Amino acid sequence: MRSPFHSCVILSVHGFQKFSCMTRVFPTQRLQQTHNVWKRYFHSSRVLRGISMDNDSDIAANFPTTCQKIQQLHATGIIHGDNNPLAYNFSLLMLDFILVVIITHILRFLLKPLKQPKVISQIIGGILVGPSFLKRSTWVKHYINPVGAQFLSRNLGIMGFMFFVFIYGLKMDLALLKKTGKMHLYIALVGISIPTITVFCVALMLRKTMDKDIATFSSIGILAAYLGITAFPVLHTVLKELNLLNSDVGGMALAMAIIGDSLGMVTVVAFEAGKQGETGPQNALWYMISLVVIIAFVLFCLRPTMVWIDDNVPEGDQADHSYVVAILLGVLVMGFITDFFGLAIANGPLWMGLIIPDGPRLGASILQKIETIMAELLIPFSYLMVGAYTDVFALGDVEWSSLKPLFIMVITGYFAKFFSIWISALYWRIPFRDALTLSFIMSMRGQIELILFVHFMDKKMVKIPGFTLLVLMTIAITATFTPLISIFYDPTRPYMVSQRRNIQHNPQDKDLKVVLCILDNHSINSLTQLLDISDTTTLNSPLSVYALRIIELVGRFNPLLIDHAKQEVPTIYRWTNTINALKNFEELREFVKIQFFTSVSPKQSMFQDICLLALEQEASLIILPFKKGGVHSHAIRTVNLQVLDHAPCSVAIFVDKSGPIESNNNIGSSRNHQYNKKTRFAVLFLGGADAREALVYADRMVGNPQVYLTVIRFLSHNNVGDNEVEKKLDDGIVTWFWVKNERNKNVVYKEVVVRDGEETIARIQTLNDGAYDLWIVGRKQGVNPILLTGLSQWSENDELGLVGDFVSSPDFFGSGSVLVVQQQILRS
């Protein structure tokens, strides 16, 4: 992609009018001509001289020029009589920026309920500020000369797209190509080749009716390839907004997009070589030589440097600020180099991003410093540039016959892409709705296509009407298909199981399968102790644990779910110390088996990996961490709430208030379970499915002779508010528990009668002597509302329920940890 304009300023020594010459230059084939012209110009006896702008001028003869009056950059101030600040380039540029940002955010707010992606709001915002709407105003045309401001905004827009493709390359993991299966490769190749070949054939039939600039083989080829390939960053942006990154269909789409992007890079190179070759074979040769030299420099010089920097970043730390600044400067340098040699300005930043190791060290450090600036400051200029090129009224100023071939090519490409993906997915026996959704996703268009359209304008393949047509059709296809994805595909549907997978209904002769989610190393001791006191000492109560380390995805596009037994874990995601601690625990427990997994995903879709693992392993319980305060608290709360809503089994949230459950004993330290003192637990039984699940889980614990358990059942006065069905189920489970444990001196059962939530809290406070090591409570399902009257206004953490939130708060006396249990919710 070439920078849209180069400019020269022509001055008069006698004070005559200043002029700015906007010059359009394509580099490689004119280097020698340019050198000769400037040589004659600078060897003139007068450095500053008036230049005649007639057709005989040497400059004008060699450079197509458009001359206009130069505007000052800044207003002199209203107190100095300057009544029109919009007559100045910088003021107008800032106004355009403010308008596009405000309009984009308003549109985003209005369109979000319609499941429209952010890119739609951004494109429309740029169009509204451009000549299609605001700049078409008669007042604007009379009082404002926007060309100077457009010159600035277009160059800033190109910089915005440069950094966009840099970040795209930085996050992209080409190693995913090695992991794509036969099905992904087949569907991707079919979805690329069929629309590309179809569009190319249609274009050849329409070639006589096309403009000569688009009728060349290179132009037809790049248009056909654009319609066949779906760009990875476009898909990633949409899938992230729809929370589908970790879904089955989302994973397939990303894998196929990686294949498409790899072919797309080759296509762009071939297109550029073809364009250069149109002016002479030697230009194509020099283009390929330049390409090979620059790629060799990137691979053998820059790549080792980036790896060295990444290796020297301490684990858990960020790269040195000077390295980050140097790399960001390198993005501009690479853009300059590739632009100078005619390799398209976007290639340099893309290659720069691809050679930087992804992940939470160097890649994350760069993203943290640039992503906000790019997304909120530079990208709006990119959409201003797109909006400035887009003029819907220009469509009516040209004959439809000139646009018809382009329209037919695009429509043909869209339909061929959609049906080729759909049919090939059905061939591989992908479910009908999933195949349809995959077709919708692979038809998405967005930022990469806009960059390509600007490149088409730069190469003079299309003019304003053709550019406008392409942009409008991009909006139409993306705005139509995105909400259809939400309608046809629900990523949580696989977790809606009809089979009971909870502790209460877990067969006694089968092991209890638990997914243990681990956020960091700090709570691992408490978690192992929680597993230990879950009666893992006998063959009748074996325990299978699937330890899942959850890591937020930063510095890369592709989410990961790693099975340590089957896959090698990248160095940056290893958690060796925690694994060693759990392995030591496993070795001391004859009836415990632990398998290890790692999930690297965005916080919005972490819950999908957790639920998927629980579903595949047929787990009965998911244990989640709870973190209040700190940088991870909001992310963990979001994950917990989503798991509670969609889990295919029961869920327990563990609030570690004191580190170890009991810091004065040696739980988990010996095979014989010889402890210094008993561990005191309390179950607050308020009724309902969650309370019943909590009681059954506590019953497993009393099999441990060192556990002292107190069960407190809360009943409403005169049975006010009781649900008869729930009450009978509660009576049955309590009777079963008491009959089983009535001779166990370590078990105490109590009943208390209360009238409202205030009395419930008061009785809990009375029972709390500060000596309990663990409080177990149901979350909220089936609780008599009378028992909780008046408590909702004091709750801060909905995932813990009202009572769970109270006993886990710092105001609750004692250092006992809290386990909040929710029984599996059967969904259909």
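Residues numbered from 1 in each chain as written. Predicted model: local features only at pLDDT ≥ 70, side-chain atom pairs only at ≥ 80, totals over all residues. Heavy atoms only, no water.

- Identification of the protein as Cation/H+ exchanger domain-containing protein from Crotalaria pallida is taken from an unreviewed UniProt entry.
- In UniProt, the protein has this text filed under Sequence similarities (unreviewed entry): "Belongs to the monovalent cation:proton antiporter 2 (CPA2) transporter (TC 2.A.37) family. CHX (TC 2.A.37.4) subfamily."
- The annotation that UniProt attaches to the protein under Subcellular location (unreviewed entry) is "Membrane". (UniProt positions renumbered as here; feature names shortened; annotations may be inferred.)

## Considering the overall build of the protein
- Each helix and strand counted, the protein has 27 helices and 14 strands in total.
- Out of the 828 residues in the protein, the part that is buried amounts to 54%.
- Relative to all contacts within the protein whose residues are 6 or more apart in sequence, the contacts with residues 24 or more apart total 80%.
- With an accessible surface of roughly 37,000 Å², the protein has 59% of that area assigned to carbon and sulfur atoms. (Helix = DSSP H or I, 4+ residues; strand = E, 2+ residues; numbered from the N terminus. Buried < 20%, exposed > 50% of the residue type's maximum accessible area, 1.4 Å probe, protein only. Contact = heavy atoms within 4.5 Å. Areas by Shrake-Rupley, 256 points an atom, 1.4 Å probe, with all protein chains shown as cover.)

## Some thoughts on the packing of aromatic side chains
- Going through the model one piece at a time under the given rule, you end up with 28 aromatic pairs.
- Taking the centre distance of 5.0 Å and the plane angle of 55° together, the rings of Phe 440 and Phe 481 count as tilted. Linking Phe 440 in helix H17 (residues 432-442) with Phe 481 in helix H19 (residues 464-488), this pair joins segments that are 41 residues apart in sequence. Across the pair, exposure class does not vary: Phe 440 and Phe 481 are buried alike.
- A ring pair is formed by Trp 775 and Phe 812, whose centres lie 5.3 Å apart and whose planes are at 75°; its orientation type is edge-to-face. Residue Trp 775 is located in strand E13 (residues 774-778), and its partner Phe 812 is located in the loop between helix H27 (801-807) and strand E14 (817-822); the two are separated by 37 residues in the primary sequence.
- For Phe 812, a relative accessible area of 1% gives the class buried.
- Clustering of aromatic rings is evident, with ring pairs tying together Phe 415, Phe 418, Phe 419, Trp 422, Phe 432, Phe 440, Phe 481 and Phe 488.
- The ring of Phe 217 carries the charged tip of Arg 207 above its face, separated from the ring centre by 4.1 Å. (Phe/Tyr/Trp six-rings, centres within 6.5 Å; stacked < 30°, edge-to-face > 60°. Lys NZ or Arg CZ within 6 Å of the ring centre and 35° of its normal.)

## A short note on the pattern of salt bridges
- All chains considered together, the criterion is met by 14 salt bridges.
- Put simply, Asp 96 and Lys 135 hold a salt bridge, and the shortest N to O gap is 3.1 Å. Taken together, the positions of Asp 96 in helix H3 (residues 89-111) and Lys 135 in the loop between helix H4 (118-129) and helix H5 (138-143) put the pair 39 residues apart, joining distant regions of the chain. Lys 135 carries the same exposure label as Asp 96, and that label is buried. (Salt bridge = Lys/Arg side-chain N within 4 Å of Asp/Glu carboxyl O.)

## Digging into the sheet that holds strand E12 (residues 747-754)
- Overall, mixed pairing links the 11 strands, which are arranged E6-E7-E5-E4-E8-E9-E14-E13-E10-E11-E12 in an open sheet. Each of the sheet's edge strands pairs with one partner strand only, and the pair in question is strand E6 (560-563) and E12. Adjacent strand axes in the sheet meet at a mean angle of 20° when their direction is disregarded.
- Packed onto the sheet, helix H21 (residues 576-588) meets strand E4 (512-518), strand E5 (543-552) and strand E7 (592-601) and runs at close to 160° relative to E7.
- On the sheet, helix H26 (residues 757-767) packs against strand E10 (679-685), strand E11 (707-716) and E12 and is oriented at approximately 150° with respect to E12. (Pairing = 2+ DSSP bridges. Axes fitted to C-alpha atoms, helices over the stretch in contact; angles between N-to-C directions.)

## Structural notes on H26
- Every buried residue of H26 is accounted for by Gly 757, Thr 760, Ile 761, Ile 764 and Leu 767. Projected down its long axis, H26 carries its buried residues within an arc of 125°, all on one side. More than 90 degrees from the buried face of H26, the exposed residues found are Glu 758 and Thr 766.
- Residues of H26 that are buried in the fold lie against E10, E11, E12 and H27.
- N-cap assignment for H26: the residue whose side-chain oxygen lies 3.2 Å from the backbone N of Glu 758 is Asp 756. (Arc of directions from axis to C-beta. Polar contact = N/O pair within 3.5 Å; in protein donor to acceptor, adjacent residues only side chain to side chain.)

## Side note on unusual backbone geometry
- The phi angle at Asn 243 is positive, at roughly 60°, despite the residue not being glycine.
- Mapped onto the elements, Asn 243 comes out in the loop between helix H10 (232-241) and helix H11 (248-277).
- The buried category is assigned to Asn 243, whose relative accessible area is 18%.
- Non-glycine residue Asn 718 carries a positive phi angle of around 60°.
- With respect to the helices and strands, the residue Asn 718 is situated in the loop between E11 and helix H25 (724-741).

## Here we look at the pairing of E13
- Summarising burial for E13: 5 of the 5 residues are buried, a large majority.
- What you see with E13 is no split at all: Leu 774, Ile 776 and Gly 778 on one side and Trp 775 and Val 777 on the other are buried throughout.
- Here E10 runs beside E13; their pairing, made up of 4 bridges, is parallel. Within E13, the residue paired with Val 683 across the bridge is Ile 776.

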